[in-house]
Amino acid sequence: MKEKIKQNIQEAELYKKFKRISVAEFFERNRHLLGFDSPRKALLIAVKEYVDNSLDACEEYKILPDIKVEIDKLENDVYKITVEDNGPGIPYENVPEIFGSFLFGSKFHRFISTRGKQGIGASAVTLYSQLTTKEPVEIITKMKDKEKGIKYKIKIDVKTNSPIILEKEEVEMKKESGTIVKAKIIGQYIKGKQSVDEYIRLTALINPHANITYKNPDGEKFVYKRIINDIPELKEVKPHPYGIELGYFDRLIRETKEKTLLNFLTRTFSSVGQNTAIEILKKAKLDPDMDPKNLNDDQIIKLYNALQNAKLRAIPSKYIVTLGRDIILKSMENILKPEYMAATKRKPALYRGIPFIVEVGIAYGGEITEFQYYRFANRVPLLYKPGEDAITHALKEINWKHYGFEVEGEFPKDPMAILVHVASVWLPFTSESKEAIAPYDEIVREIELGIKNALRELSIYIKKKKALETIGDKYKNLYGYGLEVIDSLSSILDIEKEKVEGRVKERIKKELVNDIYEILKSVREVKNLLKEGKDDRAVTLIKNMLKDTVKINLLSEKELEDMIVEVINDVKKNKLSLLS
Ligand SMILES: Nc1ncnc2c1ncn2[C@@H]1O[C@H](COP(=O)(O)OP(=O)(O)OP(=O)(O)O)[C@@H](O)[C@H]1O
Ligand SMILES: [Mg+2]
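Residues numbered from 1 in each chain as written. Chains lettered and ligands numbered in written order. Predicted model: local features only at pLDDT ≥ 70, side-chain atom pairs only at ≥ 80, totals over all residues. Heavy atoms only, no water.

You'll find the chain entered in an unreviewed UniProt entry as Type 2 DNA topoisomerase 6 subunit B, with Nanobsidianus stetteri given as the organism. Taken verbatim from the UniProt record of the chain, the Subunit (unreviewed entry) comment is "Homodimer. Heterotetramer of two Top6A and two Top6B chains." (UniProt positions renumbered as here; feature names shortened; annotations may be inferred.)

Here we take up the packing of helix H14 (residues 497-520) against helix H17 (residues 557-573). Following both chains from N to C, one finds H14 and H17 inclined at 40 degrees, their axes separated by 11 Å at the closest point. Overall, the two elements H14 and H17 adopt an arrangement that is oblique. Considering how the two elements wind past one another, H14 and H17 form a crossing that is right-handed. Contact with H14, carried on its side by Lys509, Val513, Ile516, Tyr517 and Leu520, involves Glu559, Met563, Glu566, Val567 and Asp570 of H17 and no other residues of that element. (Axes fitted to C-alpha atoms, helices over the stretch in contact; angles between N-to-C directions. Helix = DSSP H or I, 4+ residues; strand = E, 2+ residues; numbered from the N terminus. Parallel < 35°, antiparallel > 145°, perpendicular 65-115°, else oblique. Left-handed = near helix turned anticlockwise from the far one by under 90°. Contact = heavy atoms within 4.5 Å.)

Relative to strand E8 (residues 221-224), strand E7 (residues 211-215) runs antiparallel, the two sharing 4 bridges. Bridging from a neighbouring strand, isoleucine 212 pairs with tyrosine 224 of E8. (Pairing = 2+ DSSP bridges.)

Let us look at unusual backbone geometry. Positive phi is not limited to glycine here, since serine 271 has a value of about 70 degrees. For arginine 379, which is not glycine, the phi torsion reads 65 degrees and is therefore positive.

A few words now on empty space enclosed by the protein. The final tally for this structure, using the stated rule, is 1 cavity of 30 Å³ or more. If you add up the space inside the largest cavity, you get close to 50 Å³. As for the largest cavity, its lining consists of Leu44, Ile45, Lys48, Pro381, Leu382, Leu383, Tyr384, Lys434 and Glu435. No other element matches helix H3 (residues 39-60), which puts 3 residues into the lining of the largest cavity. When the residues that make up the lining of the largest cavity are grouped by side-chain class, the tally is 6 nonpolar, no polar and 3 charged. Each of domain 1 (22-220) and domain 3 (320-451) accounts for three or more of the residues forming the lining of the largest cavity. (1 Å grid on protein atoms, 1.4 Å probe; cavity = no way out; pocket = protein on both sides within 12 Å on 5 of 7 lines; lining within 4 Å. Points joined across faces, edges and corners; volume = space filled by probe spheres on them. Nonpolar A, V, L, I, M, F, W, Y, C, P; charged D, E, K, R; others polar. Domains from an automatic or database assignment.)

Another aspect to go through is the packing of H3 against helix H6 (residues 196-206). One can describe the packing of H3 onto H6 by two numbers: an axis separation of 10 Å at closest approach and a directional angle of 20 degrees. Overall, the two elements H3 and H6 adopt an arrangement that is roughly parallel. Pair H3 / H6 crosses with right-handed handedness. Listed contacts from H6 to Leu43, Leu44, Val47, Lys48, Val51, Asp52 and Leu55 of H3 are Val196, Tyr199, Ile200 and Thr203.

Attention shifts here to the sheet that holds strand E6 (residues 178-186). As summarised here, the arrangement of the 8 strands in space is E5-E4-E3-E6-E2-E1-E7-E8, forming an open sheet in which the pairing is mixed. Because the sheet does not close on itself, it has two edges, and the strands there are strand E5 (162-171) and E8. Going from strand to strand, the sheet's axes swing by 15 degrees on average, the running direction of each strand aside. Pairing geometry for strand E3 (residues 137-142) and strand E4 (residues 149-157), over 5 bridges, is antiparallel. Bridge pairing in E4 places threonine 141 opposite isoleucine 150. Sheet strands touched by H3: strand E1 (66-73), strand E2 (78-85), E3 and E6. Its angle to E2, the strand with the most contacts, is close to 15 degrees.

With that out of the way, let us pick up the packing of aromatic side chains. To describe a pair of aromatic rings, one takes the distance between the centres and the angle between the planes. The final tally for this structure, using the stated rule, is 15 aromatic pairs. A ring pair is formed by phenylalanine 371 and phenylalanine 411, whose centres lie 5.1 Å apart and whose planes are at 20 degrees; its orientation type is stacked. Here the residue phenylalanine 371 occupies a position in the loop between strand E11 (354-364) and strand E12 (372-377), and phenylalanine 411 occupies one in strand E15 (residues 411-412), the gap between them amounting to 40 residues. For the pair formed by phenylalanine 371 and phenylalanine 411, the shared burial category is buried. These aromatic residues form a ring-pair network of at least three members: Phe371, Tyr373, Trp400, Phe405 and Phe411. (Phe/Tyr/Trp six-rings, centres within 6.5 Å; stacked < 30°, edge-to-face > 60°. Buried < 20%, exposed > 50% of the residue type's maximum accessible area, 1.4 Å probe, protein only.)

Another point: the pairing of E4. As consecutive antiparallel partners, E3 and E4 are separated by 6 residues. As paired elements, E4 and E5 share 9 bridges and run antiparallel to each other. When the bridges of E5 are listed, isoleucine 150 appears paired with glutamate 170. Hairpin remark: E4 followed by E5, antiparallel, with 4 residues in the connecting loop; positive phi at asparagine 161, about 50 degrees.

A cluster of nonpolar side chains, Ile492, Leu493 and Ile495, forms an exposed patch at the surface whose accessible area comes to about 290 Å². Residue placement: isoleucine 492 occurs in helix H13 (residues 441-493). (Patch = residues over 30% accessible without salt bridge, like charges linked within 9 Å, V, L, I, M, F, W, Y side chains within 5 Å. Areas by Shrake-Rupley, 256 points an atom, 1.4 Å probe, with all protein chains shown as cover. Salt bridge = Lys/Arg side-chain N within 4 Å of Asp/Glu carboxyl O.)

Summed over all chains, the structure comprises 35 salt bridges. Residue glutamate 167 pairs with lysine 151 through a salt bridge whose shortest N-O separation is 3.8 Å. Of the two residues, glutamate 167 sits in strand E5 while lysine 151 sits in strand E4, which places them 16 residues apart along the sequence. Owing to a relative accessible area of 29%, glutamate 167 belongs among the partly exposed residues under this scheme. Notably, a salt bridge pairs lysine 153 with glutamate 167, separated by 3.5 Å at the nearest N-O pair. Taken as a pair, lysine 153 in strand E4 and glutamate 167 in strand E5 lie far apart in primary sequence, 14 residues in all. Overlapping salt bridges bring together Asp37, Lys41, Lys385 and Glu435 as one network.

Following this line, the structure appears as C-alpha cells:
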C-alpha cells in the first residue's frame, strides 16, 4: 500500500511537470503511448479508435449498430480509412474539440462499461494523420433532430492542444443520424494475427449484435451479419475510491463544486455513505464542513490514504456488460465454425474494490486449425502486447497435460480457439493505448479459473473422442486380421469365402457399433443439445466425433445414419442413464 502511494505521488508530481507542455505536445513526442509505434500498428489502431467510438455511441443511444469500414491504399503507403456508423451523431459544436484536442470526451472517468474512456482516441488519429501525411481528418455527422448534417476538416494545434478548423459546411445526409470519419495516414497493411482483417473479425465475434461490413485495401469484402438483436445495456456508476489514483483524486478535489468535504465524499464516489464519510474524515483529522478547495497537499494525501484504507462496499456488478454463456456459444459457432464448444461466465470478482467479470469460450476443431487465443477487454479485441496481458499470464498457469492435451512449447498443439473476455466499469490497462489488461493477481486468478471451467467441459468431449478413435483402431486391426484368415477359415470350415467374410464382418461390426454406442450415449453435450431441441446440432456433433472412427470403412453411410438416429431416439426417450 505504502509503495503504491509513493508511486502515485511520483506520478502526480510527474503529471504536474508535464502540465508545462501541452498534452498534445506530450503525445506528439510519445506517440507509442497511443499505440502508433509502427505503420502496421498505426493502421490497426486508427481503425480501432473509430470503430470503438461508433460501437460505444450506438450502445449508449440504444441503436443496433450498422458499421461500415473501408481502407483504400493511395500512393506511397498512404491509406485512407473510412468508418461510417448509424449512431446518434455528434453534437455539431463538439466535433472540433473531439477530433482536435486531447482529453475531450464524454466517457472520461465515468464508471461505465464503454470501450473508450480517456477522450484521447479520436484526437490521437488526427495527430497521427497530420504527423504522417499533413492531412486533416474529415468528419461528417448528422443528429436526428437536425435537418442537415455538418462536415468538418480538422487538425490539432499541438502547442495549445486546441482544434484548427480548416473547413466547416452544412451537408445533406440521407440517414436519420450517423457519423462518417475519414483519415489519411501512413500505414502498412498486413495479413495475419495482428491485421485489421483479424481485428474486424474478432470485433464481430464479440459484438454479435452489430452488422459490420469491411473492405480491405485488397478490395476483399467481409460481411458480418448480426445474429442477436439485444443491445447491451450500459449503466453508469459513480467512481469507487479504490479505483482512483492520487493524481486524479487531487483533480477531483480541485474541480468539485461541492462546498463541504462531507458532500464531496458522499456525492462524488459510490459506496461512501454519510457515516463512512464522517469516519474517514475523522481518521484524516479533517472537518466535515471544510471547503474542499482549502485542502493543502498534505491534507489531500491524508484524505486519500484514509479513503484507501476504509472498508468500503464494492460497486454492484450489474453495471458490467458481458455477453453471457449462450451468446458466446452462438457467436463462436457463427464466426469460428468449430466442431465443439464450451463456455463459462464467472461470478463477479473484485480487484481493488472494483468488480469485474471474466467469460471464457473455447471452440475446438472444425474450421479451427491451430491453437490460438483471443483477448477481449470490455468487448474490444486486443491484438498487441500479449506478453504483458493478464490473459496470457493466466494461460501460462494452466497445466494443459492435466486436461489431456499434448503440449508444444507453452500451449497445446490441439486445434482450438480460446476466447477470454474481461469486463469491468474500470479496467486497468498497462498503457494509454489500452493494448493489454494489467496482470493484477486477482484478475489473472479469475481468468485462470474461467479457462479451467471451460476446459473441464471440453476435455470430457476430447477424451470421449479419443476413446472412439482407439476403438476405431482396434476394429481396424481386428478386421484386417479377419480378412487375412478368411481363406484358411473357408477351407477349414468348407464354407464359401464370401459367406465367411460376411460373417466376420457382421460380427466385428456388431461389436464396433456396441462400443461406439456406449461412448456416444454418455456424451453430455448430445443430451444438452437434444434437450434444447437442437437435434441437427446433436447429429452434427456425433458425426464429427465419429469422423476418424468410421474411416475404417466398416460401416456404410446408411448404417452410420441409422445408428445415429437410434442413439438420438434413445437419449430422447431418456431410456439410457447418461453418465458423463
Ligand atoms: N462516431 C461517434 N458517434 C458519436 N459520438 C462520438 C463518435 N466518435 C466520438 N464520439 C464522442 O467523442 C468523444 C471522444 O472520443 P475519443 O475517442 O476521443 O474518446 P473516448 O472514446 O471517450 O475515450 P478513448 O480515448 O478511450 O477512446 C466520445 O466520448 C464520444 O462522446
Ligand atoms: Mg474512443
